[in-house]
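Single-letter residue listing:
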Amino acid sequence: MRIIIAGHLTFAGGDVCAEIVRGGAAHIAASRAEAGCVAYDWTVDPLAPGTLRVFEEWESEAALGRHFKDPSYLAMRTHLETHAMTGFDVKLYSVAGIEPVYDEAGQPRDMIFGVRVG
């Protein structure tokens, strides 16, 4: 089953997030190279100073479990701990299905997992 990790971290200092992302680039790249990693991103929220958005997608629970033991994960935690974190809200989501957002004509789908929307 696919696993999504999404949420945000907040830090004191307003503009510090760009520095955190630049300093964490090697950790991000190493995580992206791990077996089972589909996506791994840290982004600076342009509307919320001091907020770093996190998004990860893993092929399986096992792949995520291996990531938590990988040196890149441990180095990333050490890197983040060098900054004054003021908040943390990151959650795990299990994915029961995957469908495209847009139909063949490039329009948002009106059926999502068999349910009509809109």
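Everything quoted here is computed from the prediction, not taken from an experiment.

What counts and how
Residues numbered from 1 in each chain as written. Predicted model: local features only at pLDDT ≥ 70, side-chain atom pairs only at ≥ 80, totals over all residues. Heavy atoms only, no water. Buried < 20%, exposed > 50% of the residue type's maximum accessible area, 1.4 Å probe, protein only. Helix = DSSP H or I, 4+ residues; strand = E, 2+ residues; numbered from the N terminus. Arc of directions from axis to C-beta. Contact = heavy atoms within 4.5 Å. Axes fitted to C-alpha atoms, helices over the stretch in contact; angles between N-to-C directions. Parallel < 35°, antiparallel > 145°, perpendicular 65-115°, else oblique. Nonpolar A, V, L, I, M, F, W, Y, C, P; charged D, E, K, R; others polar. Pairing = 2+ DSSP bridges.

Caption draft 1: Layout of helix α3 (residues 61-69). Among all positions of α3, only Ala63, Leu64 and His67 are buried. Mapping the buried residues of α3 onto a view down its axis gives an arc of 95°, with all of them on the same face. Looking at the buried residues of α3, the elements they touch are β1 (2-11), α2 (25-32), β2 (37-44), β3 (51-58), α4 (71-80) and β4 (85-95).

Caption draft 2: Molecular detail of α2. Listing the buried residues of α2 in full gives His27, Ile28 and Ser31. The arc that holds every buried residue of α2, seen down its axis, measures 100°, which confines them to one face. The inward-facing, buried residues of α2 abut α1 (16-23), β2, β3, α3 and α4.

Caption draft 3: Region of interest: the packing of α3 against α4. Following both chains from N to C, one finds α3 and α4 inclined at 55°, their axes separated by 4 Å at the closest point. Classed by the angle they form, the pair α3 and α4 counts as oblique. Between α3, through His67, Phe68 and Lys69, and α4, the contact on the second element is made entirely by Pro71, Ser72, Tyr73 and Leu74. Partitioning the contact of α3 with α4 into residue classes produces 4 nonpolar, 2 polar and 1 charged.

Caption draft 4: Main features of the sheet that holds β4. Read across the sheet, 4 strands follow the order β2-β3-β1-β4 without closing on themselves; strand pairing throughout is antiparallel. Strands at the two margins of the open sheet, each flanked by one partner only, are β2 and β4. Direction aside, the axes of adjacent strands within the sheet are offset by 10° on average. Each of β1, β2 and β3 is contacted by α1, which is oriented at about 150° to β2, the strand it contacts most.

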